[in-house]
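Structural description and commentary
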Amino acid sequence: LQNRKITRYVTDSSGKVVMAVDSSNKEIGAKYFVAVGNPKDFYGRFFPDHPAELNEILRYFPNLESKKRIQTLYVALNQKPSAAGITELCHYFKNRPEAPVKVTRLFNYKQFDPDSCPAKAGTIALDVVFEEGNEPTSQLVLNRAVEAFPKLAKMVVGSAFGKPRPWLSMLALPEVRKDLS
């Protein structure tokens, strides 16, 4: 991945972003720009004089102040994931709505990038959603994966959590999503 930061955006007279400028003053032009993260932070930093646009965007993120977090547990395996029955790129877990910790997705890095680890080994990533202050242990997350794929229990050789980040689920207010779902 590229290691650079965007320092500013250039807009045309209608307010459309036409260019981004990075920390080395390189100008980046594109047909579309996608900003990932909290819209309040983004608009506060780059477009503080556009409150109407921010308010419209916030209608798509009514849970922005939620304390829900998502974190990824990266898991090293001593065999290919297929040995545990993991043959798809992604597996989505069913969760009880009231569960305080939800393992939502397993991503099979070995299938995505066969060179991501040695030929006879594997790597997977498990996404977990939880309330701030109720951080899961790696064992809890691994146990949930083992429920779905029992052979994983003897394959795990290491794991590490990535950085927790806000869970910005996009469930628009009913009047915004009218006739869209």
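Residues numbered from 1 in each chain as written. Predicted model: local features only at pLDDT ≥ 70, side-chain atom pairs only at ≥ 80, totals over all residues. Heavy atoms only, no water.

This part is about the overall build of the protein chain. Secondary structure assignment for the protein chain yields 4 helices and 9 strands. The helix and strand sequence of the protein chain, counted from the amino end, reads β-β-β-α-α-β-β-β-α-β-α-β-β. For the protein chain, whose C-alpha radius of gyration is 20 Å, the value lies well above the compact-globule estimate of 16 Å for 181 residues. C-alpha atoms of the protein chain, sized along the principal axes, occupy 60 × 40 × 35 Å. Across the 181 residues of the protein chain, 29% fall into the buried class. Once local pairs closer than 6 in sequence are excluded, the contacts in the protein chain between residues at least 24 apart make up 60%. Surface summary for the protein chain: the accessible area is close to 12100 Å², and the carbon and sulfur share equals 54%. Computed over 26 positive and 19 negative side-chain charges, the separation of the two mean positions in the protein chain equals 7 Å. (Helix = DSSP H or I, 4+ residues; strand = E, 2+ residues; numbered from the N terminus. Rg over C-alpha atoms; globule rule 2.2 N^0.38 Å. Buried < 20%, exposed > 50% of the residue type's maximum accessible area, 1.4 Å probe, protein only. Contact = heavy atoms within 4.5 Å. Areas by Shrake-Rupley, 256 points an atom, 1.4 Å probe, with all protein chains shown as cover. Lys, Arg positive; Asp, Glu negative; His and termini not counted. Charge placed at Lys NZ, Arg CZ, Asp CG, Glu CD.)

The next subject is the packing of helix α1 (residues 39–46) against helix α2 (residues 51–58). Where α1 meets α2, the axes come as close as 10 Å, and the angle between the chain directions of the two elements is 170 degrees. Relative to α2, the element α1 lies roughly antiparallel. Contacts from Pro-39, Lys-40 and Tyr-43 in α1 reach Glu-53, Leu-54, Ile-57 and Leu-58 in α2. Of the residues contributing to the contact of α1 with α2, the split by class is 5 nonpolar, no polar and 2 charged. (Axes fitted to C-alpha atoms, helices over the stretch in contact; angles between N-to-C directions. Parallel < 35°, antiparallel > 145°, perpendicular 65-115°, else oblique. Nonpolar A, V, L, I, M, F, W, Y, C, P; charged D, E, K, R; others polar.)

Attention now goes to the pairing of strand β6 (residues 101–108). Burial within β6 is extensive, with 6 of its 8 residues counted as buried. With 7 bridges joining them, β6 and strand β7 (residues 122–131) adopt antiparallel strand pairing. Looking at β7, one finds that Asn-108 is bridged to Ile-124. (Pairing = 2+ DSSP bridges.)

Here we take up the state of the cysteines. Counted under the stated rule, the structure contains 0 disulfides. Looking at Cys-90, it has no disulfide partner, and the nearest cysteine sulfur is the one in Cys-117, 16 Å off. Here Cys-90 falls in the partly exposed class, since its relative accessible area comes to 26%. For Cys-117, a relative accessible area of 13% gives the class buried. (Disulfide = S-S within 2.5 Å.)

Following the criterion strictly, the structure yields 6 salt bridges and no others. Here Arg-69 ties to Glu-132 by a salt bridge, and the two come within 3.3 Å at their closest N and O atoms. Taken as a pair, Arg-69 in strand β4 (residues 68–77) and Glu-132 in the loop between β7 and α4 (138–148) lie far apart in primary sequence, 63 residues in all. Overall, Glu-132 belongs to the partly exposed group, its relative accessible area being 42%. (Salt bridge = Lys/Arg side-chain N within 4 Å of Asp/Glu carboxyl O.)

Remember that the coordinates give geometry; whether it matters functionally is a separate question.
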